[in-house]
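The residues making up each chain are set out below.
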Amino acid sequence: MHNVEHTDGVAMVPHEDLRWQVAEASAAEFRRWLEAHWAVAMADSARLLKLDAASRVAAAGGMVVKKIRRPAGLRGWLTGLRRSRYRHAFEISRALRAAGVPVPEPMAWAVCRRRGAIVREYYVMREVASAESLMSLMERHDAAPPRQRRGVLEGLGELLGGLHRAGFRQRDFKDTNILVSARNDRWHLTAVDCDGIRRVRRVGAGLRRRDFFPLMQALALYGWDTVEDRQALWNGYAKAVGCGGEAPVLPTVTAADGGAPAGWRAVRRTIRLSGWRRRELQLYVPEDLPTWVNLGHRYWQGRLFALQPVPSSPHATVQTGAVDDTGKHYYFKRFHARSLTDAIKGAFRSSRACRAWRGSALASGLGFETPRTVCVMEVRAGCRLIGSAMVTEAVTGARSLDHALRGGPDGPPLAGAPRRELIAALGREIGRLHAAGLVHGDLRHGNVLCGEGQDRARFVLLDNERTRRCRRRHERARNLVQMNMIGPEGATLRERILFWRAYARATPGDGRYRRRLRAEVVSWTRRRWRERGWL
């Protein structure tokens, strides 16, 4: 049996190497929960709600356990000297519940110290039954029809108004920190993550605007910011604080900024990484896919757990998986700096992900098929580029050109008439690309997918980071040499001649130009083959 010590309405319950601070009324219940569910909550098989490098949130036995550990290094040691975040969350949650603000019932908190500094912190609160985050509700477009949506927004206004009426403000009042549940034909909203709530002397117009801004930013991403929606939000807020009138001018989020093209939306979000300078995550998503703002944010924070690695170059990390309700598979590609020079250039130009996105848009705008881009991410600290990533839809009904010609995990290589038709169609496609004034930066066989279209062979161009407009003969020769790097065993001389003839017929130019181009390609290819030891 555990001993229970009582001090100032708070009971101290020792368990293993921790001394839990618990409200006296909940001490017995919490002691029984520790004995039955603590090991389950700490196990790897626990029901995880959040997991990243610094924090872990799991649910077990009707309770939610939050655990954070301090960062390494001097910054982490200085952070450990501060007051416990979860002690503040415990105390502020009790004060909020006494003021009538709906927050989860706090159960206990504990810290583990080493040499006077906090190493780990734990916080246990009662789980809100049958609740989901406001973000999840907004992601499901059919979850809340307009009339029900007004009820959600009115309850959201009441929640924020209740905080302000009681003399509190939430510095991180956003969609992921609000739980929504439907009971008795009414929406009930609960504020979580209470360590960001502070007492204030007076809630003025400036503070009210700062609290409304992250909330309006999240609502605007999902189209919940119409005139009626704003009025419903203000009606709930006015009801809670005891004022009236029409909704004032609330902060808005622009539909597209930061260089986003028409039909796309640019969103900035601040993320926490090691270092003293604030990092800003810039996301670009299509306006018809607003859910990818939060999915992209979660991916960058490492909170998408259903992704599988895909072999790639050492300068990029590629993963794939299905992460939304549609069941579609997506490819996530994070770009790394290839050299110190590349890192320096990143401060003066757009990231590799943005360049690949624009290259794909350029090629698709001229009639060439590329995977659909659903999210582009770029993280900067000031002007310094920290990293970038992009997400594309998986292409169905196509396989790599390398596998089609040489065979691989997708099936045996093509042979006979289908193989000759594919090679001729490939020559026409590359010729059409050059005739349109484009060159591909890395036209390897792994960056071309092939399949059967409605009336002709189908080709999909991948890795369009350096796809650009260029009519120089040398750049076109580079693409043709990259096609020839399949090796002597990958294609016969007759097949190479078939490819060249199809390419020449699709490319404008006189005979002299083609002879010079062919001579440059042959010379360049032989030099590359000698370097590989193929000649």
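Scroll up for the structure.
Here is what the cut-offs are and how they apply
- Residues numbered from 1 in each chain as written.
- Predicted model: local features only at pLDDT ≥ 70, side-chain atom pairs only at ≥ 80, totals over all residues.
- Heavy atoms only, no water.
- Helix = DSSP H or I, 4+ residues; strand = E, 2+ residues; numbered from the N terminus.
- Buried < 20%, exposed > 50% of the residue type's maximum accessible area, 1.4 Å probe, protein only.
- Contact = heavy atoms within 4.5 Å.
- Expected span 1.5 Å × (residues − 1).
- Pairing = 2+ DSSP bridges.
- Salt bridge = Lys/Arg side-chain N within 4 Å of Asp/Glu carboxyl O.
- Axes fitted to C-alpha atoms, helices over the stretch in contact; angles between N-to-C directions.
- Patch = residues over 30% accessible without salt bridge, like charges linked within 9 Å, V, L, I, M, F, W, Y side chains within 5 Å.
- Areas by Shrake-Rupley, 256 points an atom, 1.4 Å probe, with all protein chains shown as cover.
- Left-handed = near helix turned anticlockwise from the far one by under 90°.
- Nonpolar A, V, L, I, M, F, W, Y, C, P; charged D, E, K, R; others polar.

Participant: Looking at this model, I keep getting lost on the environment of Ala-240. Mind explaining?
Facilitator: Here Ala-240 lies in helix 7 (residues 227-241). Residue Ala-240 is classed as buried on the basis of its relative accessible area of 13%. On a C-alpha basis, the gap between Ala-240 and Ala-43 in space is 42 Å, while along the polypeptide they are 197 residues apart. When sequence neighbours within four positions are dropped, the list of residues in contact with Ala-240 reads Glu-158, Gly-161, Gly-162 and Arg-165.

Participant: Would you mind showing me how to read helix 7 here?
Facilitator: Residues three or four positions apart in an α-helix share a direction because the helix packs 3.6 residues into each turn. End to end, helix 7 covers 21 Å across 15 residues, agreeing with the expected 21 Å (1.5 Å per residue, within 8%). Among all positions of helix 7, only Asp-229, Arg-230, Ala-232, Leu-233, Trp-234, Gly-236, Tyr-237, Ala-238 and Ala-240 are buried. Gly-242 sits one or two positions beyond helix 7 and adopts a positive phi of about 85 degrees.

Participant: Any chance you could explain the sheet that holds strand 12 (residues 186-191) here in plain terms?
Facilitator: Pairing between sheet strands relies on hydrogen bonds along the backbone, with the strands arranged either parallel or antiparallel. What the three strands build is an open sheet, ordered 9-11-12; its pairing is antiparallel. A single partner strand is all that each edge strand has here, and the edge strands are strand 9 (132-133) and strand 12. For strand 11 (residues 178-183) and strand 12, the ladder comprises six bridges, and the chain directions are antiparallel. Pairing of Ile-178 across the sheet is with Ala-191, part of strand 12.

Participant: Help me out: how do you make sense of the pattern of salt bridges in this one?
Facilitator: A side chain of one charge can pair with a side chain of the opposite charge if their charged atoms are brought near each other. Throughout the structure, instances matching the rule amount to 29 salt bridges. One salt bridge in this structure joins Arg-126 and Glu-29, with 3.0 Å as the shortest N-O distance. Of the two residues, Arg-126 sits in strand 8 (residues 117-126) while Glu-29 sits in helix 1 (residues 27-42), which places them 97 residues apart along the sequence. By relative accessible area, which is 26% here, Arg-126 ends up partly exposed. Here Glu-29 falls in the partly exposed class, since its relative accessible area comes to 30%. Between Asp-229 and Arg-150 there is a salt bridge, with the nearest N and O atoms lying 2.6 Å from each other. Taken as a pair, Asp-229 in helix 7 and Arg-150 in helix 5 (residues 146-165) lie far apart in primary sequence, 79 residues in all. Here Asp-229 falls in the buried class, since its relative accessible area comes to 1%.

Participant: Help me out: how do you make sense of the sheet that holds strand 24 (residues 457-461) in this one?
Facilitator: With antiparallel pairing, the three strands of this open sheet are ordered in space as 21-23-24. In the strand order of this sheet, the two ends are held by strand 21 (398-400) and strand 24, each with one partner. Strand after strand, the sheet turns through a mean of 30 degrees between neighbouring axes, direction not considered. Pairing of strand 21 with strand 23 (residues 448-452), which is carried by three bridges, proceeds in the antiparallel orientation. Among the inter-strand pairings, Ser-400 is bridged to a residue of strand 23, identified as Leu-449. Each of strand 23 and strand 24 touches helix 12 (residues 417-435); the most contacted strand, strand 24, lies at about 50 degrees to it.

Participant: Teacher, can you tell me more about a nonpolar patch on the surface here?
Facilitator: A cluster of nonpolar side chains, namely Leu-48, Leu-51 and Phe-305, defines an oily patch on the protein surface of about 250 Å² accessible area. Structurally, the position occupied by Leu-48 is in strand 4 (residues 47-51).

Participant: How should I be thinking about the packing of helix 12 against helix 14 (residues 493-506) in this particular structure?
Facilitator: Packed helices, taken two at a time, are described by the angle between their axes plus the distance between the axes. At a minimum axis distance of 7 Å, the contact between helix 12 and helix 14 shows a crossing angle of 35 degrees. The element helix 12 and its partner helix 14 pack so that their crossing is right-handed. Contact residues: Arg-419, Arg-420, Ile-423, Ala-424, Leu-426, Gly-427, Arg-428, Ile-430, Gly-431, Arg-432, His-434 and Ala-435 in helix 12; Glu-495, Leu-498, Phe-499, Ala-502, Tyr-503 and Ala-506 in helix 14. Residue composition of the contact of helix 12 with helix 14, by class: ten nonpolar, three polar and five charged.

Participant: What am I meant to see in unusual backbone geometry here?
Facilitator: Most of the time, phi is negative for any residue but glycine, and the peptide bond is trans. Positive phi, normally seen in glycine, also occurs at Glu-16, with a value near 55 degrees. Backbone geometry places Ser-130, a non-glycine residue, at a positive phi of 50 degrees. Inspection of the secondary structure assignment puts Ser-130 in the loop between strand 8 and strand 9. Residue classification places Ser-130 among the exposed residues on the basis of a relative accessible area of 73%.

Participant: How should I be thinking about helix 10 (residues 352-365) in this particular structure?
Facilitator: For helix 10, spanning 14 residues, the distance from its first C-alpha to its last is 20 Å, which sits close to the expected 20 Å at 1.5 Å a residue. Buried within helix 10 are the following residues: Arg-352, Ala-353, Cys-354, Arg-355, Ala-356, Trp-357, Gly-359, Ser-360 and Ala-363.

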